[in-house]
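Listed below, chain by chain, are the residues.
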Amino acid sequence: MIVELFIPCFVDQLYPDTAFNTVKVLEKAGCVVNYNPAQTCCGQPAFNAGFWDDAKAIGSKFLNDFPEDSVIVSPSASCTGMVRNYYNDLFTNTTSHNKCRNIQSNIYELSDFLVNILQVDYFGAELEGRAVYHDSCAGLRECKIKEEPRKLLSKVLGLELVDLKDGETCCGFGGTFAVKFDAISTAMAQQKVYNAIDARADYIISTDASCLLHMQGYIDKNNLPIKTIHIADVLAHGWGNV
């Protein structure tokens, strides 16, 4: 299958290895991966901040950067959820209406695509340790992803996946929420991280780099014995040992 790769600006700027690992995983699953280097942002930061005209301009560029009849895969439930759900507010009954609907029906978060479309859940990955999976708000509520990441992680050799208390609770990032309400946001990150530590986890794994960045910031500031890691990085880990 030929797929178009959408790498969100967050991943592009801060977690480029996650982008490269997404390509590796997709290629190992048998895909031919196309990447348009002109792509930028989906418009979510502007949209969430209330700047809908700016979000529409950025979203229009997104719609023009991707073929409307191609499958689009992204290592971000947050950005996938933005396109799938909130582009309705920007492009309904506009000249881009039909193209928007076609793209909305063809964009997938990575784990959703691997499990439900390709029906592939084993990649020969190895990662020694104990981990919890963090359900991002966008993954769980906007993309309806819950079992897919867990199915993929259950096939990682050496990885013990354990339950996380209040696993469906927000980590506190929420885009500009973390800036406008930093004390609340930090307290939410603290709760999430300590729940993971109480579970004796070595890793917090998620589909969203933004959540992981937020929690890793709290971890680093407080020198805590745990690490965050994106699911694409887990699935591409340890192939040399297979």
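Residues numbered from 1 in each chain as written. Predicted model: local features only at pLDDT ≥ 70, side-chain atom pairs only at ≥ 80, totals over all residues. Heavy atoms only, no water.

> A description of the UniProt feature "domain: Cysteine-rich" (unreviewed entry) in the protein chain should follow, citing residues and the corresponding values.
When the UniProt feature table is mapped onto this chain, "domain: Cysteine-rich" (unreviewed entry) is found at residues 3-83 and 132-215. Secondary structure content for residues 3-83 is 56% helix and 12% strand, and the end C-alpha separation is 17 Å. The straight-line gap between the two end C-alpha atoms of residues 132-215 is 13 Å; of that span, 49% is helix and 14% is strand. (UniProt positions renumbered as here; feature names shortened; annotations may be inferred. Helix = DSSP H or I, 4+ residues; strand = E, 2+ residues; numbered from the N terminus.)

> An account of the nonpolar core is requested, with residue identities and associated values reported.
Core analysis: the biggest nonpolar cluster contains 35 residues, and Leu26, Leu114 and Ile205 have the highest contact counts within it. Among the elements of the structure, β1 (2-5), α2 (16-28), β3 (71-74), α7 (110-118), β5 (126-133), α9 (147-153), β7 (203-206) and α13 (231-235) are those that each provide at least two residues to this core. The contacts of isoleucine 205, once residues within four sequence positions are left out, are Ala131, Val132, Tyr133, His134, Leu153, Leu159, Leu212, Ile229, His230, Ile231 and Val234. One finds Phe173, Val193, Ala199 and Ile204 within the second-largest nonpolar core, a separate group that totals 19 residues. (Core = buried A, V, L, I, M, F, W, Y, C linked by side-chain atoms within 4.5 Å. Buried < 20%, exposed > 50% of the residue type's maximum accessible area, 1.4 Å probe, protein only. Contact = heavy atoms within 4.5 Å.)

> Residue-level account of the layout of surface pockets, with values.
What the largest pocket holds in volume is close to 550 Å³. Around the largest pocket, the lining comprises 28 residues; the ones closest to its centre are Gln44, Ser78, Phe173, Gly175 and Ser210. Elements with a minimum of two residues in the lining of the largest pocket: α1 (9-14), α3 (44-48), α5 (77-91), α8 (137-142) and α12 (209-221). When the residues that make up the lining of the largest pocket are grouped by side-chain class, the tally is 16 nonpolar, 10 polar and 2 charged. (1 Å grid on protein atoms, 1.4 Å probe; cavity = no way out; pocket = protein on both sides within 12 Å on 5 of 7 lines; lining within 4 Å. Points joined across faces, edges and corners; volume = space filled by probe spheres on them. Nonpolar A, V, L, I, M, F, W, Y, C, P; charged D, E, K, R; others polar.)

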